[in-house]
Amino acid sequence: MNVTSADGTSIFFEQRGDGPPVILIGGAFNDRTTTVGLAEVLAGDFTAVTYDRRGRGDSGDAPEYAVEREIEDLAALIAHVGGTASVFGHSSGAILALEAAATGIGIERVVAYEPPYATGEHPRADVVDEVRAQLAAGDRDGAVATFLQVAGTPAEMIEGMKTAPVWGWFTALAHTLPYDLTICGRDARPRDSLARIAVPALVIGGGASDEALRSGARAAAEAVPGARHETLEGQDHGVLQFPETLKSLLTDFLK
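Every value quoted in this text rests on a predicted model; they were computed, and no experiment measured them. (Residues numbered from 1 in each chain as written. Predicted model: local features only at pLDDT ≥ 70, side-chain atom pairs only at ≥ 80, totals over all residues. Heavy atoms only, no water.)

Points about the pattern of salt bridges
Proximity of charged atoms lets side chains of opposite charge pair with each other. The final tally for this structure, using the stated rule, is 19 salt bridges. The partner of R16 in a salt bridge is E14, with the nearest N and O atoms 3.6 Å apart. Here R32 makes a salt bridge to D52, at a shortest N to O gap of 2.4 Å. Here the residue R32 occupies a position in the loop between β3 (21-25) and α1 (36-42), and D52 occupies one in the loop between β4 (47-51) and α2 (67-80), the gap between them amounting to 20 residues. As far as burial versus exposure is concerned, R32 and D52 are alike and both buried. The structure contains a network of salt bridges with shared partners spanning E14, R16, R32, D52 and D58. (Salt bridge = Lys/Arg side-chain N within 4 Å of Asp/Glu carboxyl O. Helix = DSSP H or I, 4+ residues; strand = E, 2+ residues; numbered from the N terminus. Buried < 20%, exposed > 50% of the residue type's maximum accessible area, 1.4 Å probe, protein only.)

See below:
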């Protein structure tokens, strides 16, 4: 199914289950297929919506990117499911969820899993211009490697990935990496806009994640008035591969 965003871009989505709507937002290297497992876990209690963010999968795109366009995409989905919905975002998708909640587009509750914010103890390099230049030169491998490096992936692990099937998935979505970097912001710090969030918010960090990701989650929770912070023990940034571990926490909060 498709909805049309404010700028005319077609956004493809699927929905499962029946109940209050919750829209699932993936991060970098994600399309709707990476949130399907979580949608199936939630479908017994909610109408779970998965979608291709612009530039991915079966959705369209526009010549110029802006975070505001992605928020408009969410607004179109929310309008389709009845005018209000909860949202769950993972990684840079979590930052998108928080920024959208700050705009008042009909989001009732927001859950952010490990928004990759930087902190004073864990700064992050600004590589958006470098990634754009690599993509403009046709160097999709370089763009992926640069992104993974700034995300904290060890160099030897990146080299190992290059010979694995997942690398083709990464390079196929490389053109969207500037989108995720723009969502995070050049200094990747929580923006002042988070103080405007006036709906219940839950920020989750993985107990098995590295300290940079856990500190980013704590920083987000501190920036959102009244936000609840939880640690999901035993899980890391790859939690979408184990969606059942999120079921109890999300169901209790979203209901």
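Back to the text.
Looking at the pairing of strand β6 (residues 107-113)
Counting buried positions over the 7 residues of β6 gives 5, a clear majority of the element. In this structure, strand β5 (residues 85-90) lies alongside β6, joined through 5 bridges in parallel fashion. Within β6, the position partnered with F88 by the bridge is V111. Traced from β5 through helix α3 (residues 92-101) to β6, the parallel crossover comes out right-handed. Of the strand pairs in this sheet, β6 and strand β7 (residues 201-206) are connected by 4 bridges, and their pairing is parallel. Pairing of V111 across the sheet is with L202, part of β7. (Pairing = 2+ DSSP bridges. Right-handed = clockwise from strand over helix to strand, strands pointing away.)

Concerning the packing of aromatic side chains
Tallying each qualifying case throughout the model produces 4 aromatic pairs. Pairing F29 with F147 gives two aromatic rings, centres 5.5 Å apart and planes at 85°, and the pair type is edge-to-face. In this pair, F29 is assigned in the loop between β3 and α1 and F147 in helix α5 (residues 140-150), connecting sequence segments 118 residues apart. Summarising the burial analysis for this pair, F29 and F147 share the class buried. (Phe/Tyr/Trp six-rings, centres within 6.5 Å; stacked < 30°, edge-to-face > 60°.)

Notes on the sheet that holds β6
Strand order in this open sheet of 8 strands is β1-β2-β4-β3-β5-β6-β7-β8, and the pairing throughout is mixed. In the strand order of this sheet, the two ends are held by β1 (2-4) and β8 (228-232), each with one partner. The average undirected angle you get between the axes of adjacent strands in this sheet is 25°. For β1 and strand β2 (residues 10-16), the ladder comprises 3 bridges, and the chain directions are antiparallel. What sits directly across from T4, in β2, is S10. Contacts from helix α10 (residues 247-254) reach β3, β5, β6, β7 and β8 within the one sheet, and its direction differs from that of β6 by about 155°. (Axes fitted to C-alpha atoms, helices over the stretch in contact; angles between N-to-C directions. Contact = heavy atoms within 4.5 Å.)

Purely geometric stuff here, so don't read any function into it on its own.
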